[in-house]
Amino acid sequence: MTDDKTPQDNGAVSDSIQRSDNPPAAKKRRRRRPRAHHLKKLRVERNQSDQALKADEIKPEKRIEKDWLPSPPFSRRYAAIDLGTNNCRLLIAVPQKDGFRVVDAFSRIVRLGEGVSQTGMLSDAAMDRTIEALTICREKIESRRVTAIRCIATQACRGAGNGGAFLERIKKETNLDFELITTEQEAALAVRGCMDLTDPKADAALVFDIGGGSTEISWVVKKSGDDITNAVFKLEAWTSIPIGVVTASERFGGAHLTREEYENTVDTIALEVTRFTGADHLKPLFESGRGHLLGTSGTVTSLAGVHLGLKKYIRKEVDGIWLASERALSISEKLRAMGFDARQKEPCIGPERADLVVPGCAILEGILKAWPASRIRVADRGLREGILAELIASDRHRKRRRRRSRGRSADDQARGNQPAKE
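Calculation criteria
Residues numbered from 1 in each chain as written. Predicted model: local features only at pLDDT ≥ 70, side-chain atom pairs only at ≥ 80, totals over all residues. Heavy atoms only, no water. Pairing = 2+ DSSP bridges. Helix = DSSP H or I, 4+ residues; strand = E, 2+ residues; numbered from the N terminus. Axes fitted to C-alpha atoms, helices over the stretch in contact; angles between N-to-C directions. Contact = heavy atoms within 4.5 Å. Parallel < 35°, antiparallel > 145°, perpendicular 65-115°, else oblique. Nonpolar A, V, L, I, M, F, W, Y, C, P; charged D, E, K, R; others polar. Polar contact = N/O pair within 3.5 Å; in protein donor to acceptor, adjacent residues only side chain to side chain. Phe/Tyr/Trp six-rings, centres within 6.5 Å; stacked < 30°, edge-to-face > 60°. Buried < 20%, exposed > 50% of the residue type's maximum accessible area, 1.4 Å probe, protein only. Core = buried A, V, L, I, M, F, W, Y, C linked by side-chain atoms within 4.5 Å.

A. Structural context of the sheet that holds strand β11 (residues 375–378). Strand order in the open sheet formed by six strands is β8-β7-β6-β9-β11-β10, and the pairing between neighbours is mixed. Each having just a single partner strand, β8 (232–241) and β10 (322–324) make up the two edges of the open sheet. Across the sheet, the mean angle from the axis of one strand to that of its neighbour is 25°, orientation sign disregarded. Note: strand β9 (residues 291–295) against β11, three bridges, orientation parallel. Pairing of Leu 293 across the sheet is with Ile 376, part of β11. Against the sheet, helix α9 (residues 183–194) engages β6 (204–210), β7 (215–224), β8 and β9, with an angle of about 55° to β7.

B. Summary view of the packing of helix α13 (residues 298–308) against helix α15 (residues 325–344). At their nearest, the axes of α13 and α15 sit 10 Å apart, and the two run at 90° to each other. For the element pair α13 / α15, the angle class is roughly perpendicular. Within the contact between the two elements, α13 uses Leu 303, Val 306 and His 307 and α15 uses Arg 327, Ala 328, Ile 331, Ser 332, Lys 334 and Leu 335. Of the residues that constitute the contact of α13 with α15, the class distribution is five nonpolar, two polar and two charged.

C. Spatial organisation of the side chain of Thr 265. Here Thr 265 lies in helix α11 (residues 259–274). For Thr 265, the side chain forms a polar contact with the main-chain oxygen of Glu 261, separated by 2.9 Å. Excluding its chain neighbours within four sequence positions, the residues that come into contact with Thr 265 are Phe 252 and Ala 362.

D. Molecular detail of the pairing of strand β3 (residues 99–109). As defined by bridge partners, strand β2 (residues 87–96) adjoins β3 across ten bridges and the pair is classed as antiparallel. By the bridge assignment for β3, Leu 90 is matched with Phe 106. Two successive antiparallel strands, β2 and β3, enclose a turn made up of two residues.

E. Looking closely at the packing of aromatic side chains. For the structure shown, the criterion picks out three aromatic pairs. Centre to centre, the rings of Trp 219 and Trp 371 are 5.2 Å apart; their planes meet at 55°, and the pair counts as tilted. On the criterion of sequence distance, the pair formed by Trp 219 in strand β7 and Trp 371 in the loop between α17 (357–370) and β11 is long-range, its members being 152 residues apart. Using a relative accessible area of 0% as the deciding quantity, one classes Trp 219 as buried. With relative accessibility at 3%, the residue Trp 371 sits in the buried group.

F. Summary view of the nonpolar core. Grouped together as the largest cluster of nonpolar side chains are 50 residues, with contacts concentrated most on Leu 206, Phe 208, Trp 219, Phe 286, Leu 293, Leu 364 and Trp 371. Counting residues per element, this core draws most heavily on α17, at nine residues. Not counting the four nearest positions on each side in its chain, Trp 371 is found in contact with Leu 206, Trp 219, Val 273, Ala 279, Asp 280, Leu 282, Lys 283, Phe 286 and Leu 293. Formed by 31 residues, the second largest nonpolar core is a distinct cluster that contains Cys 88, Val 116, Phe 166 and Ile 170.

G. Inspection of the packing of α13 against α17 at higher detail. For the pair α13 and α17, the least separation of the axes is 9 Å and the interaxial angle reads 100°. On the basis of their axis angle, the class for α13 and α17 is roughly perpendicular. For the pair α13 and α17, the contacting residues are Thr 299, Val 300, Ser 302 and Leu 303 in the first and Val 357, Gly 360, Cys 361 and Leu 364 in the second. Here the residues of the contact of α13 with α17 sort into five nonpolar, three polar and no charged.

These results come straight from atomic positions and should not be treated as a statement about function.
Next comes the structure, spelled out in structure tokens:
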């Protein structure tokens, strides 16, 4: 029987060659034993090689999932869902020392409030679209192992006769429990979500959130601090006008607006805003340039994307930039004049927003007409970020209370074990 292994297979020298009568041409040099430091280097290299091999064995999706995991000591994950008149938005985050880090997000235009201003009811098609989007949200929440969640519904469900029944249907079909918040709660969450973009050098800011079915407007005033790290702003006043991009589009037209129709829309919005007089004492701050606007909506982010000439919408390029009011108005007129077909081709607008962005621009111009300001801060953040901030703050407050309670219990126990004084 022959051996399958050959000298070429195992790299060894055969016995017949070793026993040959022909002496070697030269005496084979004796191998030196590796020194200790060489052996140590070899062991380190071998360990590094083994670790690299183990890393290669991990599937790519597993490595990605590991990257999403929060760093100790934080192990909780928070989710916020904002169900508006036009959009369904989800944000999942883990807390950090300076706020939170987003690990997953989802947004879809569902137009839940389509036709509500005319019929007073949510349509079957709109509800079906929304359920489909929320099913995706539910899957993401489960896959990310979310530990705390808050889901809110706004104007579409507030104004529709079947809004409450639809929220019950959502709970039954997706197991997501939605809270129907008030306009006051909505304004407060919008302010909470973008407060860190308020200019610390300013004395006041008007925060507006142009939604699908309503527009929330809040005035914040600086109470202390002049630096981004210590400036403190307080909510001074707020109001809500029952007009958003969807309702304005249905009421005034969105796909095609003449200049005269656009101006009429602006005047209507300005009148709605000026009817609220609870913030009139702040007007001198804005007239003297010590106040600015802060916009958190798809309208202002779209304007910012067009202003920057982005070929594709990029959040980090838009969020936090300053936009001169005159520039915003000139872009608004450009979008109105170019027509529906041309607006669809704008990368930061697209077909889904082509009929809504101009009514949104009219709402913005109406706000500026009632409250003139030279500059606007653009925020690609809002209700979801406000919800996450509140969830995390509430959790931390409970932990501090538990620690204090445990400390008091330990002190009481220690005092109880002390001998009584004579």
